[in-house]
Amino acid sequence: MAEKKTRVKSSKGTEKKVTRYTYENIKEPRTPETGHTSLLPSDEQVVTLPMDNGWSKAIHVGKLKEGDERPVVVDMDPDADPVLFWAGKRNRREVPVLPLQRIEIVAESRIAQIIERARKAADEKSGAARQGHLYADLEKTLREADRSKRIEFYTHDEGWKNKLICGDSLQVMESLLHYEGINSKVQLIYIDPPYGIKYDSNFQQRVDSTKNDEANKADDILTIKAFRDTWALGIHTYLSYLRERLYLCRELLTASGSVIVQINDQNAHFIRALMDEVFGVANHFATVVFNKTTGFTDQRLSGVFDCLVWYAKDIEQVKYHQIYQTKAIGLEGAGVYTRVELPDGTRRQLTSEELDRIDSLPADWRVFSLGDLGSQGAAKEPQPFEFNGNTFYPAANNHWKAKTEGLRRLAEGKRIEVSGSSLRYVRFYADFPVSPISNIWLDTNTGSFTEPKMYAVQTGTKVVLRCIAMATDPGDLVFDPTCGSGTTAICAERLGRRWITCDTSRVAINVARQRAISAIFPHYRTRNGKVSGDFEYESVSRVTLKSVAYDLEPEKVELFDSPKVDKDAIRVCGPFEVMSLGRYSIQDWKGYAVTDSLDAVGEPAKLENYLNVICRLYRKDAAIQGANGLVHAVAETDKVKAAISVGPLSGRVTAKQINDAVQDALASGILEVHVLGWAFEANVGEVKSQLERRGKVKIELIMIRPDTLAEGLKATQPETLFSPLALPDIEIETKNNGTSLITTTLRGVAVFDRNTRGTGYKSADSGYVSAWYLDEDYDGDCFVDCQMFFDFKKAPNLKATLKADIDPQEYKLQTTSQPFPIGGYKRIAVKVVDVYGNESTVVRDLG
Ligand SMILES: C[S@@+](CC[C@H](N)C(=O)[O-])C[C@H]1O[C@@H](n2cnc3c(N)ncnc32)[C@H](O)[C@@H]1O
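Because the structure is a prediction, the values reported are computed rather than measured.

Student: Quick question: what am I supposed to make of the pairing of strand β44 (residues 769-775) here?
Tutor: For a regular strand, side-chain orientation follows a simple rule: the groups alternate between the two sheet faces. Among the seven residues of β44, seven are classified as buried, and the element is accordingly described as predominantly covered. Of the strand pairs in this sheet, β44 and strand β48 (residues 827-834) are connected by six bridges, and their pairing is antiparallel. Its bridge partner being in β48, W772 is matched across the sheet by V832.

Student: What is the right way to read the packing of aromatic side chains from this model?
Tutor: Tallying each qualifying case throughout the model produces 13 aromatic pairs. With centroids separated by 6.1 Å and ring planes inclined at 35 degrees, the aromatic side chains of F279 and Y311 adopt a geometry described as tilted. Taken together, the positions of F279 in helix α5 (residues 268-279) and Y311 in strand β14 (residues 305-312) put the pair 32 residues apart, joining distant regions of the chain. You'll find F279 and Y311 in the same group, each marked buried. Taken together, the aromatic side chains of Y154, Y524, F535, Y537 and F560 make up a single cluster linked through ring pairs. It is R466 that lies over the ring of W441; its NZ or CZ is 4.8 Å from the centre. For R542, the ring lying beneath its charged end belongs to F432, and the centroid distance is 4.2 Å.

Student: Teacher, can you tell me more about the pattern of salt bridges here?
Tutor: Pairing between side chains of opposite charge can happen when the charged atoms of each approach one another. Tallying each qualifying case throughout the model produces 33 salt bridges. In this structure, the salt-bridge partner of R424 is D372, at a minimum N-O distance of 3.5 Å. With R424 in strand β24 (residues 422-428) and D372 in strand β18 (residues 366-372), this residue pair connects regions lying 52 residues apart in the sequence. Of the charged contacts in the structure, one is a salt bridge between R525 and E536, with a shortest N-O distance of 3.3 Å. Placement of the pair is R525 in the loop between β29 (520-524) and β30 (537-542) and E536 in the loop between β29 and β30, with a sequence separation of 11 residues. We classify R525 as partly exposed; its relative accessible area is 36%. What emerges from the salt-bridge pattern is a single network uniting R339, E341, R347, R366 and E417.

Student: What's the story with the environment of R110 in this structure? I'm lost.
Tutor: For R110, the location among the structural elements is in helix α1 (residues 108-124). Measuring from C-alpha to C-alpha, the distance between R110 and Q787 comes to 8.5 Å, with 677 residues separating the pair along the chain. Once residues lying within four places of it in the same chain are set aside, the contact partners of R110 are E776, V784, D785 and C786.

Student: Can you help me understand the confidence of the model for the chain in this one?
Tutor: Regions with low pLDDT carry predicted coordinates that are not meant to be interpreted in detail. For the chain, mean pLDDT is 78; residues scoring 70 or higher make up 73% of the total. Counting interchain partners and residues more than four positions distant, the pLDDT-below-50 stretch residues 27-43 has 35 contacts. Contacts from residues 68-76, a stretch scored under 50 in pLDDT, to residues over four places away or in other chains number 29 contacts.

Student: Where do I start with the packing of helix α8 (residues 461-471) against helix α9 (residues 487-494) in this structure?
Tutor: When two helices pack together, their arrangement is given by the angle between the helix axes and the distance between those axes. The N-to-C vectors of α8 and α9 enclose an angle of 55 degrees; their axes lie 9 Å apart at closest approach. Considered as vectors, α8 and α9 are oriented oblique to each other. Read as a crossing pair, α8 and α9 show a hand that is right-handed. Contacts from T461, V464, L465 and I468 of α8 reach α9 at T487, T488, C491, A492 and R494. Its residues placed into classes, the contact of α8 with α9 shows five nonpolar, three polar and one charged.

Student: What exactly am I supposed to notice about the nonpolar core here?
Tutor: Grouped burial of nonpolar side chains is what soluble globular proteins tend to show. Core analysis: the biggest nonpolar cluster contains 62 residues, and L164, L308, W441, F576 and Y773 have the highest contact counts within it. Here this core gets eight residues from one element, more than from any other, and that element is α8. Beyond its immediate stretch of four places on either side in the chain, Y773 contacts R513, I517, F783, D785, Q787, M788, F790, A829, V830, K831 and V833. If you look at the next biggest cluster of nonpolar residues, it comprises 48 residues, including M51, M173, L253 and A268.

Student: What should I look at first to understand helix α15 (residues 684-694) in this one?
Tutor: Taken residue by residue, α15 has V684, G685, V687, K688 and L691 as its buried positions. One face of α15 carries all of its buried residues, which in axial projection span an arc of 160 degrees. Summarising the geometry of α15, the exposed residues directed more than 90 degrees from the buried face are R693 and R694.

Student: Just checking my understanding: could you explain the packing of helix α14 (residues 655-667) against α15 for this structure?
Tutor: Running from N to C, α14 and α15 cross one another at 25 degrees; their axes reach a closest spacing of 9 Å. One way to sum up the angle between α14 and α15 is to call them roughly parallel. In this structure, α14 crosses over α15, and the sense of that crossing is right-handed. Facing A655, I658, N659, V662 and Q663 of α14, the residues of α15 in contact are V684, V687 and L691. Looking at the contact of α14 with α15 residue by residue, the classes come out as six nonpolar, two polar and no charged.

Student: Is there a simple way to think about the sheet that holds strand β10 (residues 162-166) in this case?
Tutor: Backbone-to-backbone hydrogen bonds join strands into a sheet, with any given pair of strands oriented parallel or antiparallel. Strand order in this open sheet of 11 strands is β26-β13-β14-β12-β11-β27-β28-β10-β33-β8-β45, and the pairing throughout is mixed. Whereas interior strands pair on both sides, the edge strands pair on one side only; in this sheet they are β26 (440-441) and β45 (783-784). Pairing between strand β13 (residues 284-291) and β26: two bridges, direction parallel. Residue pairing across strands places F290 opposite W441, the latter belonging to β26.

Student: What am I meant to see in the pairing of strand β36 (residues 633-636) here?
Tutor: Note: β36 against strand β37 (residues 641-646), four bridges, orientation antiparallel. Within the sheet, the bridge partner assigned to V634 lies in β37 and is A643. Hairpin connection, β36 to β37: the antiparallel pair is bridged by four residues.

Student: Explain the side chain of T338 to me, please; I cannot follow it from the model alone.
Tutor: With respect to the helices and strands, the residue T338 is situated in the loop between β15 (324-326) and β16 (339-341). When near neighbours in sequence (up to four residues on either side) are disregarded, T338 contacts Q349, L350, L355 and F368.

Student: For this particular structure, what's the right way to read the sheet that holds strand β49 (residues 839-845)?
Tutor: The four strands lie next to each other as β46-β44-β48-β49, forming an open sheet whose pairing is antiparallel. Each edge of the open sheet carries a strand with a single partner, namely β46 (787-790) and β49. The mean angle between the axes of side-by-side strands here comes to 15 degrees, regardless of whether they run parallel or antiparallel. Running at roughly 65 degrees to β44, helix α10 (residues 506-517) makes contact with β44, β46, β48 and β49 of the sheet.

Student: Looking at this model, I keep getting lost on helix α4 (residues 235-252). Mind explaining?
Tutor: In an α-helix there are 3.6 residues to a turn, and that puts residues three or four apart on one side. Between its first and last C-alpha atoms α4 spans 26 Å; for 18 residues at 1.5 Å apiece the expected length is 26 Å, and the two agree. The element α4 is extensively covered by neighbouring structure, given that 14 of its 18 residues are classed as buried.

Student: Just to check I follow, could you spell out unusual backbone geometry for this structure?
Tutor: The phi torsion of most residues other than glycine is negative, and most of the peptide bonds are trans. Its identity as a non-glycine residue notwithstanding, N397 has a phi of 60 degrees, on the positive side. Topologically, N397 is positioned in the loop between β21 (390-392) and β22 (398-400). With relative accessibility at 59%, the residue N397 sits in the exposed group. The phi dihedral of D534 is positive, around 85 degrees, even though this residue is not glycine.

Student: Would you take a moment to explain the side chain of T254 for this structure?
Tutor: Tracing the chain through its elements places T254 in strand β12 (residues 253-264). Discounting residues that sit within four places of it in the chain, T254 has contacts with S184, K185, V186, Q187 and K313.

Student: How should I be thinking about the environment of L442 in this particular structure?
Tutor: Tracing the chain through its elements places L442 in the loop between β26 and α8. Considering only alpha carbons, one finds L442 and F305, 137 residues apart in sequence, at a separation of 9.1 Å.

Basis of the calculations
- Residues numbered from 1 in each chain as written.
- Predicted model: local features only at pLDDT ≥ 70, side-chain atom pairs only at ≥ 80, totals over all residues.
- Heavy atoms only, no water.
- Buried < 20%, exposed > 50% of the residue type's maximum accessible area, 1.4 Å probe, protein only.
- Helix = DSSP H or I, 4+ residues; strand = E, 2+ residues; numbered from the N terminus.
- Pairing = 2+ DSSP bridges.
- Phe/Tyr/Trp six-rings, centres within 6.5 Å; stacked < 30°, edge-to-face > 60°.
- Lys NZ or Arg CZ within 6 Å of the ring centre and 35° of its normal.
- Salt bridge = Lys/Arg side-chain N within 4 Å of Asp/Glu carboxyl O.
- Contact = heavy atoms within 4.5 Å.
- pLDDT = per-residue confidence, 0-100.
- Axes fitted to C-alpha atoms, helices over the stretch in contact; angles between N-to-C directions.
- Parallel < 35°, antiparallel > 145°, perpendicular 65-115°, else oblique.
- Left-handed = near helix turned anticlockwise from the far one by under 90°.
- Nonpolar A, V, L, I, M, F, W, Y, C, P; charged D, E, K, R; others polar.
- Core = buried A, V, L, I, M, F, W, Y, C linked by side-chain atoms within 4.5 Å.
- Arc of directions from axis to C-beta.
- Expected span 1.5 Å × (residues − 1).

In structure tokens form, the structure reads like this:
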């Protein structure tokens, strides 16, 4: 172990130092090829995010005295539009930038393999056979719908992989800009932020239920609904949070790009003002209201709409596809369609009773309106036109919309009628039975898109699909910094767009991953075999005065939200990668050590502060004392004395750290060691058991919530920020019938139980495991999903897809894998996700 020495004053006043250390004899694991990650220096980088929008000629409002560094001064240009002020508004802030680290990949070859397995299983098994593994939906669809269908998935140019990222959106965006080269590349950013001030309204406790249940505390998995009750300064912090992210969105957007923020009535005005400031008033593209199911009350007016506030990066260049809606005749402007042609050819005015039910008249009644046959501007010559034995002229200062020959053709086609003393054009409703969509969407709660919710604050797909269809083309990049259950990613995948999404919640990431890999989509026909070459779209004909007058083919209007479906194929989600922020490959064996020696200087305060904050958040109830070596603090209550060791801020806790911390604790006579980490190396479970078997020491491995140190969120109960790492218990069996094949069985998971202060055991089929994944040939670094098994208790996709009730038995979690051969690394990894979104991995050598 090599040390880089620094000196700090401990909180008790005695000199202590915190040093960064590295284990130099550890061989560097393979660095995943994520962007330029491997080329970067290992030191942490911080960038300054400017947010003054270039108002440098500004007058300074409330400027602080010289030398006061607090960033609370906001520049303001008196000639510019009004802007909002709030407590803590500032014009720049520092953001740490970390690279993205690929921790898991759902690769093309694996999808192909899994499709093959699903197809084989569908062929082999009878209708009632149960599956419970990845693409169970797919298999069942094949079995019950049409086995001959092809199964497709979209891939993108230049090997692009979609990204599901666990991390704070601010850091994720900064990382995308800084390391992944995604600045000015995103076509649409869809943001569905927590709506307001109550942060906990967005909190979901479990992967498998949208209900938060306080009784669940008994389950000893540290989740309580109020994990963060409010933003630190309420609306003030909320506005700072949004503004910082909006500035970063502006950097990510391409010149023709759009950002759409979904928000409710309560805060829509703030969002408008904020976005005016960040994107410019002129770039406001639209504000849409759409209806939602909740919000009905009999106390006052029911709040039944939410808003989409849409800004263009540059209104002059914005990409926009007009979307059409089947128009209700009655809604097409009051009184427009007031006449009818009956099946026998007679025409008359509709009666008032018929007008009241205009949208339900018999199908063979041709409703029409009378439009202008003349346009403004006098013709050079008089334009007499003979019709039904009389001569007509255009109105004063008008000319006919068609030449004489065209007018004759209109007359032959019964497209002209006399009204009073003038001629009118007969426009049938069926000439163009759709109308451009407006900014009021009343259809967002209806139809097949009202799917069951997997996430408490899940958005309906209809809204998001429509936004994507309007603002992007197939192959374009869509980003959502508020992933939740991954609605934007699912909609982007459905419409062949590339996507990136992130969330701080592990529950959200796991719900989204599960939703993506079990989804089934219609397969759309592309123009040239590639998604980036665009889809073929359904279209409607538009019969116009001109097309009738000159006998032209009616114009074809493409429906950009209705790509043509290839009925011989079904489609599954394409490849994607699951990522997190960090420098794991570099930092894995880096940690922090404490000693009494006084001979060093450097970055001490920062390190000590980090360790201090984490230890104090973790054990608010205990007296915390300084410590030595890899024990960073000792927490003591009247019942127990425990050593605490904290993992690196942007790396994984290694087996070596656990081992060294235990040795340091034992040297001081402490028999309980809690190792806290943001992420853990895959084999830590093995090390924990070995150490526990050897001596009397008890070890707890504790995961830290990803947003624990996020700025602006109130500090809160430790039990909501820290949760025990569950350790998978697996069994491997080798079948030797010519070639040796392996099967893996998940027996259960060992979980630390706070009440008994011992290890509890949850069997695999206890309902505690939400999903498990198998990497058949683990390279020691990046987990590849080869086999995946979900607890399909709810089978929401399946039910919606097949419109059938499903026997829950059929979708119980399968606990034994399909047989597979030993791979080149001779090593497997099993990842388990519990119902609270916590992940843990175990690795086994196959010898
Ligand atoms: C309203 S929900 C989005 C729901 C999503 N549209 C869906 O359909 O499921 C907001 C999400 O933003 C996440 N979130 C809040 N603050 C965040 C941050 N700073 N970085 C990343 N995600 C954040 C929350 O965890 C929550 O899942």
